[in-house]
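Here's the letter readout for the chains.
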Amino acid sequence: MVEPADRPSTAGQRLGAPESFGVSTLEPGLRPPVQPPGRQVSIRVQMLDDTQEVFQISQRSPGKVLFDLVCVHLNLSEGDYFGLEYQDQRKMTVWLDLLKPTLKQIRRPKNTILRFVVKFFPPDHTQLLEELTRYLFALQIKHDLACGHLICNDTSAALMVSHIIQSEIGDFDETQSWQHLLHNKYLPDQDAIRDKITDCHRKHVGQTPAESDYQLLEIARRLEMYGVRLHPAKDREGTKLSLAVAHIGVLVFQGYTKINAFNWSKVRKLSFKRKRFLIKLRADPAQNAHHDTLEFAMASRDCCKIFWKICVEYHAFFRLFEEPKPKPKPILFTRGSSFRFSGRTQKQIIDYVKDSELKKVPFERKHSKILSNSSMSPQSSSFRSQVPKESAMSVQVADQPDSTRLGIRAECNGSEEPPATTTNGFHDIPAAPGSDPTQSRQNHHGTGSAPDPQFLNPESPGSEDSPEGSPHVVANGNGSVNGRGTGSIGVLGQSPEGRLLSPLTSPLLTDAGCVRHDDEDEARRKKFPTDKAYFIAKELLTTERTYLKDLQVITESFQSVAGKDEAFPDSVKNVISASYDPVYKFHQGFLKEVEQRLAQWEGRSNAHIKGDYQRIGDVLLKNIQGLRQLTVHLQKHSECLVELERACRSNRKAEAACRDFEQQRVCYLPLNIFLLRPLHRLLHYKLILERLCKHYPPTHDDFRDCRAALADISEMVLQLQGAMMKMENFQKLLELKKDLTGIDNLAIPGREFIRLGCLSKLSGKGLQQRMFFLFSDSLVYTSRGMTPSNQFKVHGQLPLYGMTIRESEEEWGVPHSFTLFGQRQSVVVAASCESEMERWVEDIRMAIDLAEQTSSPNTDLLSTSLSDNKLSDDGGAELESEEELCGSRSSLERQGHRGNTTVHVCWHRNTSVSMVDFSVAVENQLSGNLLRKFKNSNGWQKLWVVFTNFSLFFYKSHQDDYPLASLPLLGYSVTVPSESENIHKDYVFKLHFKSHVYYFRSESEYAFERWMEVIRSATCSASRSLPSTRKDLY
């Protein structure tokens, strides 16, 4: 091995280290540590880029001196995340103790090679503030993949390798990429997924090496085996297990599956006695005292001690504010180990990098064949100075595994929290077994927000409104919160340039460790499109992505189920396939064109094609003209809905298959809504084009194309509007039929749905909560029963023919009450507020007018048995058991199937919604990235959010197949935060219902206004009547 001084270029110089020594990682501002006198010894250290360096240390110097020399050699200011490991004389891999003399630990230095590797894995990689640090972490991930330590599914592995290749050879070239994979081994079974890797690689066009590192870490940190080193052990029954330690505490694995986790907050003491490793938990009142100590048998006492030491270090690094002080030496006797963590804690690292005036030193990537502009540009300390204090302070409460952050709770001993309910704001949707939320690839196109693309902290622990009901941690960050991204994995189009640490960004759905100053924000705004047309085009992109995912529910998921089930007639399968597959294929191409145009608009494409691409009208015009050719297929979509309903009505197996499909996570809305999506999408195109035409002056180059496209789409909407409105009403009747029990046939020709919601019915027992359903011919009232499907039990029907209505607040002394006088009975009901009463009275009067014009006044919705039993009682008296009354007041937590439908939300929020509201909601659908913050949390979390059907659905990435959680908005209020709430950010809106408060932050003023507009349409039900022409359309 040649000494560094004897060679022309060292590895440190290749990584960008200057000739003079830099800064010690443990003693800021000092040159390399002074070594004690004595004979010099050569120590070989293997770096993460597989090069070996020789360092000269004194034979009496502690391990800290050698470690500091390595960090100084690399000019690494965040070195405390790393460590030196080696194999001792027992062939056991151990960490170099920084406090003990090096040569007392390494008995044969000439025959020992130490490895410089990552020791502490922060779950939120955005806390790594230096690009060099993230590069070294990326090398560690690359090594763990190659040796099989980082276990994951093929999709995640292919995606990570594609980012590694992108950082090494640049943009995809089929020949070059294929040759590179042939000559380099990134995975043990690489050949089996080589095609997947190349498919992922071709999507990373324009991505810099720094951005690739960031995306690699973003994916890796979500994996269950990220940073995990398994230590074999057995439980008391002799079952083979493995122990590991992470930022949250001690983990227990069976094979490669985590089966338990003991959070630091629950652990009272860790110790070992001979071969037994002991975990003493804090007293839990719900458990007996003898359960507070857990015992694991390991191979030897040395194995126990090695694992105990790394546990001590992990706890100190992530939980303490500063390095623990040494214990005073005992005078006579010693008891226990004197081992302690040596080095800076994570909080000290963040504070040091934030406060230091270090300049970023350019470095060269050993394996990269391309030049990284971000790597070669100096980085000022102004970026590092913006790490929020709470980012470091909240590290001490890293108590939850990654899967808890977006509503996926890890069932771990000592860390369970009560499940969340929709009454607390969120309806949790658990993760699919075996699924990997990191399967989504990086998004390269729908990005580029000008205003405020900054990184923030993750949520702090213990937020009472958290959908998980459990602590959130900085160390558990779910991804960065850059408001510009449309995918939870990353956003391209800009190099860090010393300010932006990452190209990225969650829902879920993501958190980062640094914040930007306003002057830096202003500088970044100038680099991105700020024209309103750009943000309108971006809305087209984000909503098109969601629309394509919704089409996949029909063309892939449902057709797969229907194809395997013989209960579905071939006629139904054929008509759905023939009607939806061509539309899906068309919109796949449309989405690619929009993505490409947005990438060119933002200047993120390296295609070097000249032209004016800051427009979208030409793309819309071309594709809307193509869409007109599919009108014949769009006209058949109503036929598909009717045929499917006919098949379900005639075949119980088909009905059961549809019901089972609706319980799958991918079917996050009623199935019939997906069938109408293509018709609804036409309305979205029309509204987008109207906004573009309103924005552009007539002289603008894009105005002519937008106006022509608007004329075409308006003609299509007018042509299909009649069928669309009929199908919306038919679909709503079918959906309500599933929520009601005791009705024979709800969906009959001529019947219109008008309003549903909660009213209190006055009876001999007082005011009782009832769910009312108003149709064009009758008013039905129900209560929530205790059926397995949570259906509403019908208690009575009031025909509207001949009905009169009178306000009766003074008569009964009940606020907001009115009396309905029918031909056979009268009912006194009360609304929750005056505005709610006005909506009901207006709609009932309109419905009475509609009923008077019909020729069938005696329509009876109720089944014969129920009608005879119920209406024979004088005054419609209701017979219900105490069990039913209790069931009607049960929380959403108890709901199973169909527990989060609009009917159930109205029941629990004591509100109502009309068909007009549903029609408005169809037009006001929106998708995009939002930063979410809970009332009592310190940081923001980036999520991909879809607004539809009066709810927000949260995803980690726009490519996720199903949402992780949902927030029904009925009953919520949307406002802007007040000064007293200390939300000192732009474009923030607030959602609150009773004590539940959520803050959402958008990326731009346009996005902020759009989100406020669409959410207000769901939270503020206007008192609107149906158009006079509406009746004629049914």
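Please read all numbers here as calculations on a predicted model, not as lab measurements.

1. Examining the overall build of the protein
Moving on, step 1. Within the protein, the regular secondary structure consists of 30 helices and 29 strands.
Moving on, step 2. For the protein, the proportion of its 1034 residues judged to be buried stands at 60%.
Moving on, step 3. Summing over all exposed atoms, the protein offers an accessible surface of approximately 40,900 Å²; the carbon and sulfur share of this is 50%.

2. A short note on the confidence of the model for the protein
Moving on, step 1. Scored by pLDDT, the protein comes out at a mean of 75, with 71% of its residues at no less than 70.
Moving on, step 2. Per-residue pLDDT stays below 50 along residues 372–526; that stretch engages in 627 contacts with residues further than four places along the chain or on separate chains.
Moving on, step 3. Below pLDDT 50 for its whole length, residues 606–610 participates in 3 contacts with residues either more than four positions away or in separate chains.

3. Comments concerning the sheet that holds strand 3 (residues 82–87)
Moving on, step 1. Ordered in space as 2-1-5-3-4, the 5 strands form an open sheet in which the pairing is mixed. Among the strands making up the open sheet, the edge pair consists of strand 2 (52–58) and strand 4 (93–95). Along the sheet, successive strands turn relative to each other by an average axial angle of 40 degrees, direction set aside.
Moving on, step 2. Two elements, strand 3 and strand 4, share 3 bridges in a ladder whose sense is antiparallel. Its bridge partner being in strand 4, Glu 85 is matched across the sheet by Trp 95.
Moving on, step 3. The sheet contacts of helix 4 (residues 131–146) involve strand 3 and strand 5 (113–118), and relative to strand 5 the element is tilted by about 110 degrees.

4. Quick notes on the side chain of Asn 623
Moving on, step 1. Along the chain, the position of Asn 623 falls in helix 17 (residues 617–628).
Moving on, step 2. Within the structure, the side chain of Asn 623 is placed 3.5 Å from the side chain of Glu 593, a separation counted as a polar contact.

5. What to know about the nonpolar core
Moving on, step 1. Grouped together as the largest cluster of nonpolar side chains are 131 residues, with contacts concentrated most on Leu 692, Leu 952 and Trp 1011.
Moving on, step 2. Apart from the residues within four sequence positions on either side, Trp 1011 is in contact with Leu 926, Ser 927, Gly 928, Leu 930, Val 945, Phe 947, Leu 952, Phe 989 and Ser 1002.
Moving on, step 3. In terms of nonpolar packing, the next biggest core, distinct from the first, is built from 102 residues, Leu 181, Ala 220, Ile 279 and Phe 307 among them.

6. Details of the layout of surface pockets
Moving on, step 1. Here the second largest pocket is characterised by a volume of approximately 1,100 Å³.
Moving on, step 2. Lining the second largest pocket are 42 residues, with Glu 85, Thr 93, Asp 144, His 149 and Arg 229 sitting closest to its centre.
Moving on, step 3. For the lining of the second largest pocket, the elements supplying multiple residues, two or more each, are strand 4, strand 5, helix 4, strand 6 (231–234) and helix 9 (301–319).
Moving on, step 4. Within the lining of the second largest pocket, the residues separate by chemical class into 25 nonpolar, 9 polar and 8 charged.

7. Topic: a negative patch on the surface
Moving on, step 1. On the surface, Glu 807, Glu 809, Glu 810, Glu 834 and Glu 838 cluster together into a patch of negative charge.
Moving on, step 2. Summarising the element assignment, Glu 810 is placed in helix 24 (residues 809–812).

8. Some words on the environment of Val 903
Moving on, step 1. Structurally, Val 903 is set in helix 28 (residues 902–909).
Moving on, step 2. The buried category is assigned to Val 903, whose relative accessible area is 2%.
Moving on, step 3. Residues Val 903 and Leu 756 lie 147 residues apart in sequence; the distance between their C-alpha atoms is 7.4 Å.
Moving on, step 4. When neighbours within four sequence positions are excluded, Val 903 is seen to be in contact with Leu 736, Asp 739, Leu 756, Met 771, Phe 773 and Phe 792.

9. Considering the environment of Glu 237
Moving on, step 1. Note that Glu 237 resides in the loop between strand 6 and strand 7 (240–246).
Moving on, step 2. Residues Glu 237 and Phe 296, 59 residues apart in the sequence, show an inter-C-alpha distance of 9.7 Å.

10. Quick word on the pattern of salt bridges
Moving on, step 1. On inspection of all chains with the given rule, the structure shows 41 salt bridges.
Moving on, step 2. A salt bridge links Asp 191 to Arg 194; its shortest N-O distance comes to 2.3 Å.
Moving on, step 3. One salt bridge connects Arg 839 with Glu 836, and the closest N-O pair in it is separated by 2.8 Å. Taken together, the residues span about one helical turn, with Arg 839 and Glu 836 both in helix 25 (residues 834–852) at a distance of 3 residues.

About the thresholds
- Residues numbered from 1 in each chain as written.
- Predicted model: local features only at pLDDT ≥ 70, side-chain atom pairs only at ≥ 80, totals over all residues.
- Heavy atoms only, no water.
- Helix = DSSP H or I, 4+ residues; strand = E, 2+ residues; numbered from the N terminus.
- Buried < 20%, exposed > 50% of the residue type's maximum accessible area, 1.4 Å probe, protein only.
- Areas by Shrake-Rupley, 256 points an atom, 1.4 Å probe, with all protein chains shown as cover.
- pLDDT = per-residue confidence, 0-100.
- Contact = heavy atoms within 4.5 Å.
- Pairing = 2+ DSSP bridges.
- Axes fitted to C-alpha atoms, helices over the stretch in contact; angles between N-to-C directions.
- Polar contact = N/O pair within 3.5 Å; in protein donor to acceptor, adjacent residues only side chain to side chain.
- Core = buried A, V, L, I, M, F, W, Y, C linked by side-chain atoms within 4.5 Å.
- 1 Å grid on protein atoms, 1.4 Å probe; cavity = no way out; pocket = protein on both sides within 12 Å on 5 of 7 lines; lining within 4 Å.
- Points joined across faces, edges and corners; volume = space filled by probe spheres on them.
- Nonpolar A, V, L, I, M, F, W, Y, C, P; charged D, E, K, R; others polar.
- Patch = residues over 30% accessible without salt bridge, like charges linked within 9 Å, V, L, I, M, F, W, Y side chains within 5 Å.
- Salt bridge = Lys/Arg side-chain N within 4 Å of Asp/Glu carboxyl O.
- Lys, Arg positive; Asp, Glu negative; His and termini not counted.
- Charge placed at Lys NZ, Arg CZ, Asp CG, Glu CD.

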